[in-house]
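Below, each chain spelled out in residue letters.
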Amino acid sequence: MAGYRSVVVLTGAGISAESGLRTFRASDGLWEDNRIEDVATPEGFARNPALVQDFYNQRRRQLASVEPNAAHRALVEFERRFEGQFLLVTQNVDDLHERAGSENLLHMHGELRQARCVVTGEIEPQDGDILPESRCRCCRTPGNLRPHIVWFNEMPLYMDTIYEALANCDLFVAIGTSGNVYPAAGFVLEAKQNGAKTILLNLDEVDNSSSFDQQLIGTATVTVPLLINQTLS
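So, how was this worked out
The written sequence of each chain sets the order in which its residues are numbered from 1. This being a predicted model, a pLDDT of at least 70 is required before a residue's local features are given, and a value of 80 or more before pairs of side-chain atoms are given or counted; all residues contribute to the totals for chains, interfaces and linings. Hydrogens and water are ignored here; the side-chain numbers use all heavy atoms of the structure. For this analysis, a ring pair means two rings from Phe, Tyr or Trp (six-membered ring only for Trp) whose centres lie within 6.5 Å, classed as stacked if their planes differ by under 30 degrees, edge-to-face if by over 60, and tilted for the remaining angles. The helix and strand labels rest on DSSP assignments: H or I over at least four residues marks a helix, E over at least two residues marks a strand, and numbering proceeds from the N terminus. Using only the protein atoms, space was sampled on a 1 Å grid; points where a 1.4 Å probe fits but cannot get out form cavities, open sets with protein on both sides within 12 Å along at least five of seven lines form pockets, and lining residues are those with an atom within 4 Å of a point. Grid points are joined across faces, edges and corners, and a volume is the space filled by probe spheres set on the points. Residue ranges assigned to the domains are those given by an automatic or database domain assignment. Should any heavy atoms of two residues lie within 4.5 Å, those residues are counted as being in contact. By buried area we mean the combined loss of accessible area, with a 1.4 Å probe, across both parts when two parts are placed together. For salt bridges, the criterion is a side-chain nitrogen of Lys or Arg within 4 Å of an Asp or Glu carboxyl oxygen. Whenever a nitrogen or oxygen atom comes within 3.5 Å of another N or O atom, the pair is scored as a polar contact, on the condition that within protein one atom can donate a hydrogen and the other can accept it, and that pairs from neighbouring residues in sequence are kept only if both atoms are in side chains. Gly is placed with the polar residues, together with every amino acid not listed as nonpolar (Ala, Val, Leu, Ile, Met, Phe, Trp, Tyr, Cys and Pro) or charged (Asp, Glu, Lys and Arg). Throughout, nonpolar core names a set of buried Ala, Val, Leu, Ile, Met, Phe, Trp, Tyr and Cys residues whose side chains join them through atoms within 4.5 Å. A 1.4 Å probe rolled over the protein chains alone gives each residue an accessible area, and that area as a share of the maximum for its type sets the label: buried under 20%, exposed over 50%, partly exposed in between. Note on pairing: DSSP must find at least two bridges between two strands before they are called paired. Comment: axis = line fitted to C-alpha atoms, over the contacting stretch for helices; angle = value between 0 and 180 degrees taken between N-to-C directions.

**Topic: the packing of aromatic side chains**
Move 1: For the coordinates displayed, the defined rule picks out seven aromatic pairs.
Move 2: An angle of 40° between the planes, with centres 6.2 Å apart, marks the rings of Tyr56 and Trp151 as tilted. Linking Tyr56 in helix H4 (residues 49-62) with Trp151 in the loop between strand E8 (145-149) and helix H7 (159-168), this pair joins segments that are 95 residues apart in sequence.
Move 3: Ring centres of Phe78 and Phe82 lie 5.2 Å apart, and the angle between their planes is 15°; this geometry places the pair in the stacked category.

In structure tokens:
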């Protein structure tokens, strides 16, 4: 490990899929049988907030039935033993990384277990359903809460911090990502232009596979512990 001073890891839906969470959207363009435009855009929320709230309420409830897997736990082991700078960036909105024990973690697409006031932008914990009568802590007005999720046409979170970490890392690892959702799909190029080694761990080759120096093809629960064990040893 003497060769690495700063490591950035990006995780996508593939790492959570092995815990039983379905990936973001199927090949037919639907997400859990809903059109993306209806449940993952500001316009969809404006048209039918009840549909959107119910969709994310169901996703939030599903978290109770899943657990972190070997890939999540391997990343925790790496973070605890690595003596340099470490940042874990996830595109996932579940809380499996936290429950596994990850600490230096950024959810660039928001979190299911948080809600946000549409008036003040204040964020608060949200473990149960968001209902029509739910009140935010700031305004105390029913109907002001929305899921703290970054929808299409909205800016991902923590981008300045992430780009700074990419500019300074010497190892970038992407795990279980589709390679076609930007800006995350461009992180590998950001890291490479600053001289970092880049590794992709994925079930299949993806759109930006050729941008990586090294690839490990397979399930996250196999490839992530393998890479972490090799690196730590």
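**A few points about the layout of surface pockets**
Move 1: Each pocket or cavity is described by its volume, and for the second largest pocket that value is around 190 Å³.
Move 2: As for the second largest pocket, its lining consists of 15 residues, and the residues nearest its centre are Pro49, Gln53, Ile130, Leu131 and Pro132.
Move 3: For the lining of the second largest pocket, the element with the highest residue contribution is H4, accounting for six residues.

**With respect to the domain arrangement of the protein chain**
Many descriptions give the size of an interface as the accessible area lost when the pieces come together.
Move 1: Entries for the protein chain in the domain assignment read domain 1 (1-20 + 68-109 + 156-233) and domain 2 (22-65 + 110-149).
Move 2: Relative to domain 2, the C-alpha centre of domain 1 lies at a distance of 26 Å.
Move 3: Each side of the interface is counted separately: domain 1 has 13 residues, and domain 2 has 11 residues.
Move 4: Interface area for domain 1 against domain 2, summed over the two sides, is near 930 Å², with a carbon-plus-sulfur share of 50%.
Move 5: Summed over the shared surface of domain 1 and domain 2, the number is one salt bridge.
Move 6: The partner of Arg113 in a salt bridge is Asp95, with the nearest N and O atoms 2.3 Å apart.
Move 7: Between domain 1 and domain 2 we count four residue pairs in polar contact (both at pLDDT 80 or more) in total.

**With respect to empty space enclosed by the protein**
Where empty space is left in the structure can be found by rolling a water-sized probe over the atoms.
Move 1: Taken as a whole, this structure holds one cavity of 30 Å³ or more when the rule is applied.
Move 2: Taken as a whole, the largest cavity spans an internal volume of roughly 80 Å³.
Move 3: Counting residues per element, the lining of the largest cavity draws most heavily on helix H9 (residues 220-232), at four residues.
Move 4: Of the residues that constitute the lining of the largest cavity, the class distribution is 12 nonpolar, one polar and no charged.

**Some details on the nonpolar core**
Move 1: Membership of the largest hydrophobic core comes to 22 residues, with the highest contact counts inside it found for Val9, Leu75, Val173, Ile175, Leu201 and Val224.
Move 2: The set of elements that each furnish at least two residues to this core consists of strand E1 (6-11), helix H5 (70-81), strand E4 (85-90), strand E9 (171-175), strand E10 (197-202) and H9.
Move 3: With five residues, the single largest contributor to this core is H9.
Move 4: Apart from residues lying up to four places away in sequence, Val9 is in contact with Leu75, Phe86, Leu87, Leu88, Val89, Val173 and Ile175.
Move 5: Core analysis: the second largest hydrophobic core is formed by 21 residues, Met108, Ala174, Ala191 and Val206 among them.

**Topic: the pattern of salt bridges**
A side chain with one charge may pair with a side chain of the opposite charge, provided their charged atoms come close.
Move 1: Applying the stated rule across the entire model yields 13 salt bridges.
Move 2: The partner of Arg35 in a salt bridge is Asp38, with the nearest N and O atoms 2.9 Å apart.
Move 3: Glu77 serves as the salt-bridge partner of Arg81, at 3.4 Å between the closest nitrogen and oxygen. Placement of the pair is Arg81 and Glu77 together in helix H5, with a separation of four residues, close to one helical turn.
Move 4: Owing to a relative accessible area of 48%, Arg81 belongs among the partly exposed residues under this scheme.
Move 5: Among the charged side chains, a network of salt bridges with common partners joins Glu67, Asp95, Arg99, Arg113 and Asp127.

**Here we look at the sheet that holds strand E5 (residues 105-107)**
Move 1: Overall, parallel pairing links the six strands, which are arranged E5-E4-E1-E9-E10-E11 in an open sheet. Sheet topology places E5 and strand E11 (214-217) at the edges, where each strand pairs with a single neighbour. With strand direction ignored, the average angle separating the axes of adjacent strands in the sheet is 15°.
Move 2: Two strands pair when backbone bridges link them, and E10 and E11 are joined in this way by four bridges, in the parallel orientation. When the sheet's bridge partners are listed, Leu201 is paired in E11 with Leu216.
Move 3: Sitting on the sheet, H9 touches E9, E10 and E11, and the angle it makes with E10 is about 150°.

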